[in-house]
Structures are given as C-alpha cells and as structure tokens.
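The lines below spell out each chain.
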Amino acid sequence: MIRLFLLGALVISGCAQPKNDNTLLLQKMDSMQSKLDSLENEVNWFNQKDSTSNSNRTIEKDSVVQQQAISKGQQKPVVQPQNNHQIKQKQPAQIKQVQPAPSDDRVSGKKFYYEGQPQRISVEISAWDNGRRTMKFYNPFGEVTYKIEDVKMSYSSITELKRMHDNGACAMIETGMNPGASMYWYETKITFDENNNPLWKEEIEKPEMSIEQNLNNKSWWNAKTKSWIKQEIIKEQPAPH
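Description of the structure in this document. (Residues numbered from 1 in each chain as written. Predicted model: local features only at pLDDT ≥ 70, side-chain atom pairs only at ≥ 80, totals over all residues. Heavy atoms only, no water.)

## A closer look at the sheet that holds strand S5 (residues 156-164)
Hydrogen bonds along the backbone pair up the strands of a sheet, which may run parallel or antiparallel.
Then comes step 1: Reading across from one edge, S1-S2-S3-S4-S5-S6-S7-S8-S9-S10 is the order of the ten strands in this open sheet, with antiparallel pairing throughout. The open sheet terminates on both sides in strands that have one partner only, identified here as strand S1 (110-113) and strand S10 (227-230). On average, each strand axis in the sheet is tilted by 20° relative to the strand beside it, whichever way the strands run.
Then comes step 2: Bridge analysis of strand S9 (residues 218-222) against S10 gives four bridges, and the strand direction is antiparallel. (Pairing = 2+ DSSP bridges. Helix = DSSP H or I, 4+ residues; strand = E, 2+ residues; numbered from the N terminus. Axes fitted to C-alpha atoms, helices over the stretch in contact; angles between N-to-C directions.)

Right, dumping it as structure tokens:
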C-alpha cells in the first residue's frame, strides 16, 4: 500500500513538471524508491519481531498452565521407602463359633445329666419308634430307678419333665393321657427325690364333674416292691356314747 501511494504521488508530480525535467524526475524517483525500500525493510523487521514475541508468549502461557495443573494434584505420589526391619502387626483372626445343630428328640432322643464330673445320665428319653418311646430315670450310680413308656397311636400318653433338682435329678414329671374314645382325659404328676427315686403320684381325671371325683387319688412309691401303693383315707368312726 505504501509503495502504490508513493508511485501515484510521483506520477502526479511528474505530470506537473515540464518534459525537459525528466532527468530531475528520475533522480527524485530513485531517491523515493530507496526510501520506500528502507521503509519496507523496517516494516518486515517489526513484523518478524511481533511474530517472535507472540510465539514466546504462547510458550510461556503453556508453561504456566502445566505448572498450575501440577500444583492441583497431578504430581506423582511420593513412595515412602520400606524398612525391611519393620515388624508388621498381625490382626487377630476372627474365630467363628459354630452353633450345634438343634437336636430332634423324635429322631435321636435326649439325655439329661447330673451336675459334676464325670457326667452321669440322670434322665434318658429314647427316640419315637412306631409311636412309642421310653423314658428312663437313673440314680447317680447308673441304676435305673423308674421307667415310663409313652404312646402316640389311637390314644396318647405323653410325659414331660416339669422341674429339675439343682444336682440334675428330676424333681417332677407330668403325664397327659387321652384315651381317644372317651370324654375324659387324665393328668398324672410324679415327684422324685435327688437320686431320682419316685416319691408320690397324683392322678387327676378331667373334666372334674364333682368334688368326690378326684378324692383318694394319691399314691406313694414302695421301693422294696417297686410299685405304687394307694394312700389310705382313714374314716373317723363315731365315738360310742
């Protein structure tokens, strides 16, 4: 643009001069061409300087961005040197307590023991077999003191342990007997001493229809004959006058 402007000015200026001044005009044009070349060189120099400055600013900007990214947590984690002599503390192992499977007395039966060592059987209940099972009572010497047979058929007679002595012996049992084809059922309670020897038996018929229905219903155990003896009720005789 600068060169075209100067050439135009020279042409206009040349047109204004007389023809015999061509030599002077050519000198002026050469001088102006030299100035034009000098100006063009200066413009090129400034353009190169600006380009270099912009490139340097771009490089500096990229460097600043990288440094900011590193400062925000992109640094490599610092690895702590391991001490080969450091003793690792072991965590205590977790021990799982295995719970025993619940026993099914219908399959395996059940046993109760006297307190103390060695353990001795106090009461042994067998598994059900064809609708029957046996309940045995033992003294501390391992001798059978009493035995009951339970039944579950067309009729039922089932015994339950109700109380136990502190030493593991049975204190009381209760037997429920249902004849099946009767309107009555029966409950029997038997007490034992601390050696599982039977003491007393009480039989109750239900439903109770009268007071006299369950009178004289207690029996005591005869250890010699190993049988129940009905308790006698002494009736008072009228005194003679």
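After that view, the rundown keeps rolling.
## Concerning the side chain of Thr-159
Then comes step 1: For Thr-159, the location among the structural elements is in strand S5.
Then comes step 2: At 2.9 Å, the side chain of Thr-159 and the side chain of Asp-150 are in polar contact.
Then comes step 3: Leaving out residues up to four positions away in the same chain, Thr-159 has contacts with Arg-133, Met-135, Ile-148, Asp-150, Ile-173, Glu-174 and Thr-175. (Polar contact = N/O pair within 3.5 Å; in protein donor to acceptor, adjacent residues only side chain to side chain. Contact = heavy atoms within 4.5 Å.)

## Details of the packing of aromatic side chains
The description of an aromatic ring pair rests on the distance of the ring centres and on the angle between the ring planes.
Then comes step 1: Per the stated rule, a full pass over the model turns up six aromatic pairs.
Then comes step 2: Look at Tyr-146 and Phe-192: their rings are 6.0 Å apart centre to centre, the planes differ by 65°, and that puts the pair in the edge-to-face class. Here the residue Tyr-146 occupies a position in strand S4 (residues 144-152), and Phe-192 occupies one in strand S7 (residues 185-192), the gap between them amounting to 46 residues.
Then comes step 3: Residue Tyr-146 is classed as buried on the basis of its relative accessible area, which comes to 13%.
Then comes step 4: Seen in terms of ring centroids, Tyr-146 and Trp-221 are 5.3 Å apart; in terms of plane orientation they differ by 90°. Their pairing is edge-to-face. Taken together, the residues span a long stretch of sequence, with Tyr-146 in strand S4 and Trp-221 in strand S9 at a distance of 75 residues. Like Trp-221, Tyr-146 is buried.
Then comes step 5: Aromatic ring contacts, followed pair by pair, group Phe-137, Tyr-146, Phe-192, Trp-221 and Trp-228 into a single cluster. (Phe/Tyr/Trp six-rings, centres within 6.5 Å; stacked < 30°, edge-to-face > 60°. Buried < 20%, exposed > 50% of the residue type's maximum accessible area, 1.4 Å probe, protein only.)

## With respect to the nonpolar core
Then comes step 1: Judged by nonpolar contacts, Val-123, Ile-125, Met-135, Phe-137, Tyr-146, Ile-148, Cys-170, Ile-173, Ile-190, Phe-192, Trp-221 and Trp-228 together constitute the single largest core of twelve residues.
Then comes step 2: Looking at this core, the elements with two or more residues in it are strand S2 (121-125), strand S3 (132-138), S4, strand S6 (170-178) and S7.
Then comes step 3: Aside from chain neighbours lying at most four places away, what touches Met-135 is Val-123, Glu-124, Ile-125, Tyr-146, Lys-147, Ile-148, Asp-150, Thr-159 and Leu-161. (Core = buried A, V, L, I, M, F, W, Y, C linked by side-chain atoms within 4.5 Å.)

## A look at the environment of Tyr-146
Then comes step 1: In this structure, the C-alpha to C-alpha distance between Tyr-146 and Met-135, residues eleven residues apart in sequence, is 8.4 Å.
Then comes step 2: Not counting the four nearest positions on each side in its chain, Tyr-146 is found in contact with Met-135, Lys-136, Phe-137, Ile-190, Phe-192, Pro-198, Trp-221 and Trp-228.
Then comes step 3: There is a polar contact of 3.2 Å between the side chain of Tyr-146 and the side chain of Trp-228.

## Regarding unusual backbone geometry
Glycine aside, residues mostly have negative phi, and peptide bonds are mostly found in the trans state.
Then comes step 1: Residue Pro-207 follows Lys-206 across a cis peptide bond; omega there is -5°.
Then comes step 2: Its place among the elements puts Pro-207 in the loop between strand S8 (198-206) and S9.
Then comes step 3: Even without being glycine, Asn-130 reaches a positive phi, approximately 55°.
Then comes step 4: Note that Asn-130 resides in the loop between S2 and S3.
Then comes step 5: Judged by relative accessible area, Asn-130 falls into the exposed class, the value being 69%.
Then comes step 6: A positive phi angle is found at Asn-196, which is not glycine, with a value near 65°.
Then comes step 7: Position of Asn-196 among the secondary structure elements: in the loop between S7 and S8.
Then comes step 8: Note on Asn-196: relative accessible area 0%, which makes it buried.

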